[in-house]
Amino acid sequence: MNSSSYKEAAFPLNPSLKEIEMKKIVQNKEVIRHLIDIVLYLGRHCLPFRGHKDLERVGKMISTFDVSRKDQLSLVIRYINKSNGVVCERLIAVRETLMTTGQHLFTVLDDICKDMCLDWKTYLVGQSYDGAASMRGAYNGLQAIVKENNPLATYVWCWAHKFNLGIVYAHRQFKLLLQEVDSQFDDLLLHNNVRWLSKGNVLYRFFGLLNEIELFLLNSTHLAAKNHIKFIKDNNNVVTIAFLADIFQHVNFLNLKLQGAQKLICHLVSEVNCFCKKIELFSQDLGSEQLYFTNLKKVCDERNDIEIDNFINFMTSIETEFERRFADLKTLYNSSVTLHPDGEWVNEAIRVFKCNKATIQMEIIEFQTDDVLKKLYDKNYAKTESSYEEF
């Protein structure tokens, strides 16, 4: 018998202890997942992280489902604070539901209220759920059972749920429109504050679908559609969207270059300094050919009397902000390459090599600011008579 077999025979409790430990780990993960779901729910609905201790009087109750991997019932109550008359709203419970029948949901609701000493049969004056039959059913639905115990608990179909259904329907119609007109994109993008690239991607996609959005709004019968159409047809708004879509694409490109597991500090310094030089070129380009602002150039070509002074000032402020935030990098970096990316040599290079002006300008800036190439030069060519500039 080897040592491992001997241990298993001598200590039969080990497998049981390990099994119990694994069960606890799984249970803890499930608890954490529920807590994350609750936090996300509170964040989306701007609800405070508080319980029922400050309740003075229950005025209204709202029940809804929050579905992740299992069916859950979330209970939200709305009430009036006696001391100041302020209407408050609190999420007081999130419970897993084994069944979705009206009777079972009523039992869960009643148990929650009993645990928290809430006399809903006396103080409840309203109830609101989604449109599921088990919730709003006139005979066996949750609202009907609640009204049997408290006739004052008037039922109202949740307006937030109805609004979401309207949004889903409008979204579906918009995607069908994009298919009908053979659009280059199949949908809009949803903005996410925690994603660094989100703003740029959302703006770029929105501008790319501007004509389709206008067509969709023109066919819409919704009252708010007129205000949105007015916004889209305003030249100043369209130009601003085009400019922001362009500049955010450049910023996103820098963000991507700064990411990666094998990036060294010398690479990051080079990329930041490279972008600072590009900003100078962007500012000059705004008032001339607009090679780096393709969306803005498209709008300016189609519409007359476009003012871009504000955009130039904006670029100046970006340049100033970058210099301020990355001022400490200048102590690590000293460029000896003085060739200007917008000099006369560019036109000569375009004539000789038949290359794109914007491309060659970007390449020379990246070459000028590449510390890795400078180190390679110092290592391999420093003993030659040629300087780095000549090289």
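That block above? That's the structure.
Let me begin by describing the structure that accompanies this report.

Cut-offs used in this document
Residues numbered from 1 in each chain as written. Predicted model: local features only at pLDDT ≥ 70, side-chain atom pairs only at ≥ 80, totals over all residues. Heavy atoms only, no water. Helix = DSSP H or I, 4+ residues; strand = E, 2+ residues; numbered from the N terminus. Buried < 20%, exposed > 50% of the residue type's maximum accessible area, 1.4 Å probe, protein only. Polar contact = N/O pair within 3.5 Å; in protein donor to acceptor, adjacent residues only side chain to side chain. Axes fitted to C-alpha atoms, helices over the stretch in contact; angles between N-to-C directions. Contact = heavy atoms within 4.5 Å. Pairing = 2+ DSSP bridges. Core = buried A, V, L, I, M, F, W, Y, C linked by side-chain atoms within 4.5 Å.

1. Considerations on the side chain of Ser-128
- Locating Ser-128 in the fold gives a position in strand β4 (residues 126–129).
- Assessed through its relative accessible area of 5%, Ser-128 is described here as buried.
- In this structure the side chain of Ser-128 is engaged in a polar contact, spanning 2.9 Å, whose partner is the backbone oxygen of Val-156.

2. Section: the packing of helix α8 (residues 198–208) against helix α9 (residues 210–218)
- Packing of α8 against α9 leaves a shortest axis separation of 4 Å and a crossing angle of 65 degrees. Contact residues: Phe-206, Phe-207 and Gly-208 in α8; Leu-210, Glu-212 and Ile-213 in α9.

3. Things to note about helix α6 (residues 142–149)
- Residues of α6 that are buried: Leu-142, Gln-143, Ala-144, Ile-145 and Val-146.
- For α6, the elements touching its buried residues are α3 (102–115), α4 (120–123), β4, α5 (133–136) and β5 (154–157).

4. So, the pairing of β4
- The two faces of β4 match: Gly-126 and Ser-128 on one face and Gln-127 and Tyr-129 on the other face are all buried.
- Note: β4 against β5, 4 bridges, orientation parallel. Its bridge partner lying in β5, Ser-128 is registered against Val-156.

5. Remarks on the nonpolar core
- Of all hydrophobic cores here, the largest spans 43 residues; its most connected members are Phe-207, Phe-243, Phe-293, Leu-296 and Met-315.
- Once you skip the residues sitting within four places of it in the chain, Phe-293 turns out to touch Phe-243, Asp-246, Ile-247, Phe-282, Asp-285, Leu-286 and Met-315.
- Of all hydrophobic cores here, the second largest spans 24 residues; its members include Cys-88, Phe-106, Leu-118 and Leu-124.

6. Side note on unusual backbone geometry
- At Cys-117, a residue that is not glycine, the phi angle is positive and equals roughly 55 degrees.
- Secondary-structure assignment places Cys-117 in the loop between α3 and α4.
- A positive phi angle, close to 55 degrees, is found at Asp-182, a residue other than glycine.
- In this structure, Asp-182 sits in the loop between α7 (159–180) and α8.

No statement about biological role is implied by the geometric values presented.
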